[in-house]
There are 2 protein chains.
Amino acid sequence: MDKRIVASLDITDRRVLLDLASRLSDEIFAIKINWPTILTCGVDIIRELSDFGNVICDLKIADIPNTNRMIMEIIRERNPFAVIAHAFPGLDSIQALLDASEGVKVIGVVSMSNEGAERYLNPLHLKILNDLKNTSAYGIIAPGNDYRILQEIAKKRGNLKIFSPGIGAQGGSPSLAIMNGADYIIIGRNIYNAQNPEAYVRSVNQQIEK
Amino acid sequence: MDKRIVASLDITDRRVLLDLASRLSDEIFAIKINWPTILTCGVDIIRELSDFGNVICDLKIADIPNTNRMIMEIIRERNPFAVIAHAFPGLDSIQALLDASEGVKVIGVVSMSNEGAERYLNPLHLKILNDLKNTSAYGIIAPGNDYRILQEIAKKRGNLKIFSPGIGAQGGSPSLAIMNGADYIIIGRNIYNAQNPEAYVRSVNQQIEK
């Protein structure tokens, strides 16, 4: 079976991160890192991690087209699988990333899991989703702990792959998220705080297969 | 007179950047850098630049509260004057930055200059502005090349300082932006593409004083 877990490793110790990445690599779809890791380990950590599999750079890029392009040009040289970007600054900003991607996939945010996101972002999720369907974006981020919204998005997502955070520590269940439409589930703390991360990831994979 | 220019130096060559920063330092309010500079030069470039004056980290931070906090904890150690963040992901995300700031100022984005921003972000600019007035944010980003919006924001900004991009290459005039409410004007390409950046900055300062 294809692997479905994206391990969100917000780790800032390079040695700990690379060790964990190597131990998990056979059991997961991708490793996701965010700015804290890149700031402390340097941008070349992307290339180092790519030796162990797919790397998703969760940068929530949200700038004007020209700056987005500059960021993509630097990131793409380090062999990432994908970058995560916001669509709310505009479709021209997303298009600038796509135009500069040279094969790096772009995953757009259509909603977020924090309470504050209900005020501006989340009410726009279907509008953003529809806009992203008209681009060559690869996927979207949609909540893995709100099955009603996840189902609604899954019905309307066209060819976009769904990556769902909010699993584990934030309440979502891996198998329920997948049954409700997630293609990939993003798990963070439950992996890197586990006594035995490999065993935890294997147990989630078994749960999904059932 | 207080300096009003923020030099937006999207330069990825560390030596060129530090040289230009040292030459401009007496004539400007702050240097603004973005991800391309931090990715290529490393996060400690913030501290190096801070030797020459105020550094504004234009990161357009736009994540959940916990990730925002982690980013601020790393950045604040490098002695920046301020960070720029999106309010769009929610006020809880802005509050997480403020709570972790230890004196670093937070500047929120209320609108952007790219055409695509008209679809989601810019129609919300007064709502975002009002929300930011109820936080301890230091300032906001508001267009320096759309005087109607700038005036409207200036009337309602309370204690928030207004930083205005869009000056020079993107059409805004330094003195008109200030007359219409900008506290600080952000200038990029016109500075670092000038034959003589110091002379250019001095001429803008003279233009503003009149």
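That block above? That's the structure.
A few points on the structure. Keep in mind that what you see is a predicted model, and the values were worked out from it rather than measured. (Residues numbered from 1 in each chain as written. Chains lettered and ligands numbered in written order. Predicted model: local features only at pLDDT ≥ 70, side-chain atom pairs only at ≥ 80, totals over all residues. Heavy atoms only, no water.)

1. Things to note about the packing of aromatic side chains
Under the definition given, this model contains 13 aromatic pairs over all chains. Measuring from centroid to centroid gives 6.1 Å for Tyr120(A) and Phe88(B), while their planes differ by 25°, and the two rings are stacked. Taken together, the residues Tyr120(A) in the loop between strand E5 (105–109) and helix H6 (125–133) and Phe88(B) in the loop between strand E4 (82–86) and helix H5 (91–99) connect one chain to another. Residues Tyr120(A) and Phe88(B) agree in their burial class; the two are buried. Measuring from centroid to centroid gives 6.3 Å for Tyr138(A) and Phe163(A), while their planes differ by 50°, and the two rings are tilted. Note that Tyr138(A) is positioned in the loop between H6 and strand E6 (139–141) and Phe163(A) in strand E7 (residues 161–164), a separation of 25 residues in sequence. (Phe/Tyr/Trp six-rings, centres within 6.5 Å; stacked < 30°, edge-to-face > 60°. Helix = DSSP H or I, 4+ residues; strand = E, 2+ residues; numbered from the N terminus. Buried < 20%, exposed > 50% of the residue type's maximum accessible area, 1.4 Å probe, protein only.)

2. With respect to the sheet that holds E4(B)
Residue and element names in this part refer to chain B. The parallel closed barrel is built from 8 strands, whose spatial order is E1-E2-E3-E4-E5-E6-E7-E8. Strand-to-strand twist of the sheet, defined as the mean angle between neighbouring strand axes without regard to direction, takes the value 25°. Here strand E7 (residues 161–164) pairs with strand E8 (residues 184–187) via 2 bridges, running parallel. Counterpart to Phe-163 in the pairing with E8 is Tyr-184. On the sheet, helix H4 (residues 65–76) packs against strand E3 (54–61), E4 and strand E5 (105–109) and is oriented at approximately 160° with respect to E3. Lying over the sheet, H5 contacts E3, E4 and E5, oriented at roughly 165° with respect to E4. (Pairing = 2+ DSSP bridges. Axes fitted to C-alpha atoms, helices over the stretch in contact; angles between N-to-C directions. Contact = heavy atoms within 4.5 Å.)

3. Observations regarding the layout of surface pockets
Counted as a void, the largest pocket has a volume near 490 Å³. Among the elements of the structure, helix H4 (65–76) of chain A together with strand E2 (30–34), E3, E8 and helix H9 (189–192) of chain B are those that each provide at least two residues to the lining of the largest pocket. What the second largest pocket holds in volume is close to 430 Å³. As for the second largest pocket, its lining consists of 27 residues, of which Ser8(A), Lys32(A), Pro165(A), Gln170(A) and Ile64(B) are closest to the centre. For the lining of the second largest pocket, the secondary-structure elements that each account for two or more residues are strand E2 (30–34), strand E3 (54–61), strand E8 (184–187) and helix H9 (189–192) of chain A together with H4 of chain B. Each residue belonging to the lining of the second largest pocket can be placed in one class, and the counts come to 12 nonpolar, 9 polar and 6 charged. (1 Å grid on protein atoms, 1.4 Å probe; cavity = no way out; pocket = protein on both sides within 12 Å on 5 of 7 lines; lining within 4 Å. Points joined across faces, edges and corners; volume = space filled by probe spheres on them. Nonpolar A, V, L, I, M, F, W, Y, C, P; charged D, E, K, R; others polar.)

4. Comments concerning the relation of the copies chain B and chain A
Between the two copies of the chain lies a rotation about an axis combined with a shift along it. Note on the identical chains: chain B maps onto chain A by a rotation of 180° and an axial translation of 0.0 Å, with an RMSD of 0.0 Å. Classification of the inter-copy transformation places it as that of a two-fold axis. When each C-alpha of chain B is compared by its distance to the rotation axis, Gly42(B) comes out closest, at 3.2 Å. The overlap is high: 100% of the interface residues of chain B also sit at the interface in chain A, so the same surface is used on both sides. (Least-squares fit on C-alpha atoms with pLDDT ≥ 70 in both.)

These values are about where atoms sit, not about what they do.
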